[in-house]
Amino acid sequence: MKSAIYQNGTVHLELLGRDRFQKIYMAGRNGELSCPSCLEPVRLYLGIEKDPHFFHLYHPEKICLEASETIKETRQIEGFRVPSAKPVGEGFLGAQPLAIGAATATASLPILDNPHDYVKLLEAEGFKLDGNQAAAVTETEGPILVLAGAGSGKTRVLTARTAYMLDVRGIKPSEIMLVTFTTKAAQEMKSRLLRYPNMKSGLLSKLVSGTFHSIFYRILMHADGAKWNNNRLLKKEWQREKIVKEAGRELGLSEKEFPYDLALQQIGFWKNSLLAPAKIKPDSEWEETVLMLYERYERYKQDQGLFDFDDMLTGCYELFQTAPELLAMYQERFRYFLIDEFQDINKVQYELIKMLSAKTKNVCVVGDDDQTIYSFRGSSPEFLLNFEHDFPGARLILLSQNYRSSNEIVAAANRIISYNKKRRRKEMAANISEGLPPVAFFPYDEEEEATMIVTDIQEKIAGGADPSDFAILYRTHAGSRAVFERLASSNLPFRIEQDAESFYERRTVRTVLGFLKLAINEDDIDAVAAILPALFLKQDVLSDIKASTILDDCSALEALGKVKTAHAFQMKKLKTAVTAIKSMRHLAPYAAIERIEKELGFLDYLKKRGSEGNKLEKGSDDVKDLKVAAKNFDSSQTLLEHASHMAAMNREIKNLSKHFTSSITLSTIHRAKGLEYKTVYILGAVDGSLPHDYALESLRNGDTAPLEEERRLFYVAITRAMERLYISVPSMRRNRAANPTRFLTPVRKD
Ligand SMILES: Nc1ncnc2c1ncn2[C@@H]1O[C@H](COP(=O)(O)OP(=O)(O)OP(=O)(O)O)[C@@H](O)[C@H]1O
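Just so we're clear, the structure is a prediction, and the values are computed from it rather than from any experiment.

A look at the overall build of the chain
No. 1: Secondary structure assignment for the chain yields 30 helices and 23 strands.
No. 2: The C-alpha radius of gyration of the chain comes to 29 Å, within 12% of the 27 Å expected for a compact globule of 750 residues.
No. 3: Overall, the C-alpha framework of the chain stretches about 80 × 70 × 50 Å when taken along its three principal axes.
No. 4: In the chain, which comprises 750 residues, the proportion classed as buried is 56%.
No. 5: In the chain, 74% of the contacts between residues at least 6 apart in sequence involve partners at least 24 apart.
No. 6: Carbon and sulfur atoms make up 50% of the accessible area of the chain, which amounts to about 32800 Å² in all.

Details of the UniProt feature "binding site: ATP" (unreviewed entry) in the chain
No. 1: UniProt's entry tags Ala-148, Gly-149, Ala-150, Gly-151, Ser-152, Gly-153, Lys-154 and Thr-155 with the feature "binding site: ATP" (unreviewed entry), counted in the numbering of this structure.
No. 2: Classification of Ser-152 by relative accessible area gives buried; the value is 1%.
No. 3: A polar contact is formed between the side chain of Ser-152 and the backbone oxygen of Gly-149, at a distance of 2.7 Å.
No. 4: Within the fold, Thr-155 resides in helix α4 (residues 154–167).
No. 5: Taking the relative accessible area as the measure of exposure, Thr-155 reaches 30% and is therefore partly exposed.
No. 6: Apart from the residues lying within four places of it in its own chain, the contact partners of Thr-155 are Met-189 and Arg-192.

Let's talk about unusual backbone geometry
No. 1: Between Leu-690 and Pro-691 the backbone carries a cis peptide bond, its omega angle lying at 10 degrees.
No. 2: When you line up the elements, Pro-691 lands in the loop between β20 (677–682) and α29 (693–700).
No. 3: One non-glycine residue with positive phi stands out, namely Asp-553, at about 50 degrees.
No. 4: With respect to the helices, strands and loops of the structure, Asp-553 is situated in the loop between α21 (541–551) and α22 (556–560).
No. 5: The exposed category is assigned to Asp-553, whose relative accessible area is 69%.

Considering the packing of aromatic side chains
No. 1: Inspection of the entire model under this criterion finds 24 aromatic pairs.
No. 2: Ring centres of Phe-181 and Tyr-374 lie 5.5 Å apart, and the angle between their planes is 45 degrees; on these two criteria the pair is classed as tilted. Taken as a pair, Phe-181 in the loop between β9 (176–179) and α5 (183–193) and Tyr-374 in the loop between β12 (363–367) and α14 (382–385) lie far apart in primary sequence, 193 residues in all.
No. 3: Judged by relative accessible area, which is 8%, Tyr-374 ranks as buried.
No. 4: Members of the aromatic cluster, each reached through a chain of ring pairs, are Phe-342, Tyr-350, Phe-383, Phe-387 and Phe-391.
No. 5: In this arrangement the basic side chain of Arg-481 is found over the ring face of Phe-503, its NZ or CZ atom lying 5.9 Å from the centre.

Topic: the pairing of strand β17 (residues 470–474)
No. 1: Within β17, five of the five residues are buried, which leaves the element mostly enclosed by the surrounding structure.
No. 2: Neither face of β17 is exposed, since Phe-470, Ile-472 and Tyr-474 on one face and Ala-471 and Leu-473 on the opposite face are all buried.
No. 3: Taken together, the four bridges between β17 and β20 define a ladder with parallel strand orientation. When the bridges of β20 are listed, Leu-473 appears paired with Ile-682.
No. 4: Sheet topology places β17 next to strand β19 (residues 664–668); four bridges connect them, and they run parallel. When the bridges of β19 are listed, Ala-471 appears paired with Thr-665.

Side note on the sheet that holds strand β1 (residues 3–6)
No. 1: In spatial order, the strands read β2-β1-β3; together these three strands make up an open sheet with antiparallel pairing. Both outer strands of the open sheet, β2 (9–12) and β3 (33–34), are each paired with one neighbouring strand and no more.
No. 2: Here β1 runs beside β3; their pairing, made up of two bridges, is antiparallel. Paired with Ile-5 across the bridge in β3 is Ser-34.

Some thoughts on helix α8 (residues 237–250)
No. 1: The end-to-end C-alpha separation of α8 is 20 Å, in line with the 20 Å expected for 14 residues at 1.5 Å each.
No. 2: Among all positions in α8, only Arg-240, Glu-241, Ile-243, Val-244, Ala-247 and Gly-248 are buried. Projected down its long axis, α8 shows its buried positions confined to an angular sector of 160 degrees, all on one face. In α8, the exposed residues that point more than 90 degrees away from the buried face are Trp-238, Lys-242 and Glu-250.

Quick notes on the side chain of Thr-665
No. 1: Along the chain, Thr-665 falls in strand β19.
No. 2: Among the residues examined, Thr-665 registers a relative accessible area of 12% and is labelled buried.
No. 3: Ignoring anything within four residues of it in the chain, the contact list for Thr-665 reads Phe-470, Ala-471, Ile-472, Arg-495 and Tyr-677.

Let's talk about the sheet that holds strand β8 (residues 144–148)
No. 1: Pairing is parallel across the open sheet formed by six strands, whose spatial order is β10-β9-β11-β12-β8-β13. Of all the strands in the sheet, the pair left with one neighbour each is β10 (208–210) and β13 (395–399). Going across the sheet, the axis of each strand differs from the next one's by a mean of 10 degrees, ignoring polarity.
No. 2: Both β9 and β10 contribute to a ladder of three bridges, which runs parallel.

What to know about the pattern of salt bridges
No. 1: Counted by the stated rule, this structure contains 49 salt bridges.
No. 2: Salt-bridge contacts for Lys-301 lead to Asp-308; the nearest nitrogen and oxygen are separated by 3.8 Å.
No. 3: You can call Asp-308 buried: its relative accessible area is 1%.
No. 4: In this structure, a network of salt bridges that share partners links the residues Glu-237, Arg-240, Lys-271, Glu-298, Lys-301, Asp-308 and Asp-311.

Definitions and cut-offs
Residues numbered from 1 in each chain as written. Predicted model: local features only at pLDDT ≥ 70, side-chain atom pairs only at ≥ 80, totals over all residues. Heavy atoms only, no water. Helix = DSSP H or I, 4+ residues; strand = E, 2+ residues; numbered from the N terminus. Rg over C-alpha atoms; globule rule 2.2 N^0.38 Å. Buried < 20%, exposed > 50% of the residue type's maximum accessible area, 1.4 Å probe, protein only. Contact = heavy atoms within 4.5 Å. Areas by Shrake-Rupley, 256 points an atom, 1.4 Å probe, with all protein chains shown as cover. UniProt positions renumbered as here; feature names shortened; annotations may be inferred. Polar contact = N/O pair within 3.5 Å; in protein donor to acceptor, adjacent residues only side chain to side chain. Phe/Tyr/Trp six-rings, centres within 6.5 Å; stacked < 30°, edge-to-face > 60°. Lys NZ or Arg CZ within 6 Å of the ring centre and 35° of its normal. Pairing = 2+ DSSP bridges. Expected span 1.5 Å × (residues − 1). Arc of directions from axis to C-beta. Axes fitted to C-alpha atoms, helices over the stretch in contact; angles between N-to-C directions. Salt bridge = Lys/Arg side-chain N within 4 Å of Asp/Glu carboxyl O.

Spelled out as structure tokens, the structure:
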């Protein structure tokens, strides 16, 4: 059905603007829609598999008035299923064929194909290895680069190789260093090893395995237990933040407003790239400020005898440089190196491995340059790409069979990543031949995107799917607001990352909400405290404001207008601000936020206070996202209630999800690395989101590297899917028309 009764009138889907669909959808959920013919309650269907239509709540199959065609007509373009109504032009999946070379192993190195009897034994035990996997397992001497595509069985290879070295080659476990990206991955590998022939826990406990940090920390402890005592470690992020904040105070930076977390990230990047403060040439105001913090941070740690996690690596590097006899001892001790996720190695880690393996050169690294996604922490595919330069005579083994995803998903991933220039040319071949084509769908905006996905999951679960089959992946946490809200109001079990904060608790959002709160309740002193920085006032004026409310018998908002400052113009501005806040009282929240942005100078404030100064997270983007949410509410009161409900839900979901046996995963693409799901939804496949704005800005300045990293992220997201892949391409993002991601467009724009 294409029409329904709403607010005493009739809405026709064909006449209704697409921007109103979400509102009508919500009206249906609130019981405000009925059938024009039988008057029974109806709802609007907004999903992926069928076109939008009204259906009877209690009799979904019933059709009144007109019979409507609800099954979506679809067609395939470039291997994607898209609605037939979607116009195809240059902007999305144009018909131009892609210029990709044939599946190539164009690298100059010989490819091994050396199956072994042990491989047959493993196959009999249920650990089948293909020819190249077998070679990667049994070639133990000399440097080897295992260049593997997504889903090609890297974990299986590393596990089998370790077992082979111990069981067949009789190598002592203490001579093997097995490095993984996370502690969990090391544990997982050991527990898998126990299932291999002759692997006993006593033997495996002697393996030197773990992350770079854990292994090199053990070396430091051995060298100087007092200096590197655990008590001196800055374990928590807040401990590090405290030090840089103290340094920031000396520099006159605002404690509340300066993004110290990002400054610490930048410092970590420099340290991991072996860039001491003296070696850095800042190329922006931001870098200049962070460099000053870096110098002070390092000095403070040194004076106090403290160290952080990054120091475990740089400390070890310095130790080996200053104590060659110690290095020689470890070179004797460790004779075999196995390194997982080599594409995400950084400079200091790479140099350490080069030093330690200098004598034996028995280094086996496993990685996929197409999955380097941590360059903000200093990792770079260059190390993988230049491996044979630093390890001459290195052999290359390609793992190009994908055992995870359907042929169609693998084809899409191959095509998309082929546009990156800085990569080893390789192409995955799917082991699973028959599957469904990936689907591109086109919601109106973030709200409709969330609704369509949740509807689709509900349908699939009703059809027998398990919640753990699904993952919803996004570029940044902020991008998950709408889908979180839609899931939170459904009965579906889902999990979010434990450190994911609620959108409404983000610093900028809290400040804007503070203005709205104060407009509604002029006595809300907490709201006054929240907005003070945005009015360029320090927190110590709060006591004057409180006093003024008593002495002058006025509201906290009025008292704000009476604050005395050293500048007459600022006092004048405060008075104007008070009037503006009062005038927002009866405004819809969207209009109120616009007033905060412009009349109250909030956008200028964000620029001045450095919240716009970092690459990834801009305060003004948070305001734009908040405006998208605000559109759903007629009054600030209801928006504020919703915000505090969602913040509470965020905490509750984290607790509850620990007890779920099966749940839908909501995750950033970064955190989904190494994992696999039957069905994957990728949110916001539009320029500005994926690729992120900062990458497009870099591109405008002539730097293509960030765009290539974003494309790798997209590739990682796509290759998490085993059976079904849905890519959402909303027409609007942050209330503005959005362009489909250039990663889906064969017309090269970069
Ligand atoms: N030779 C094989 N035959 C059948 N299945 C295999 C084989 N090798 C690996 N697999 C299966 O393929 C899937 C992908 O393997 P794995 O997760 O080890 O890949 P990966 O290379 O680490 O992937 P990614 O880098 O994308 O995270 C797993 O389910 C694994 O059990």
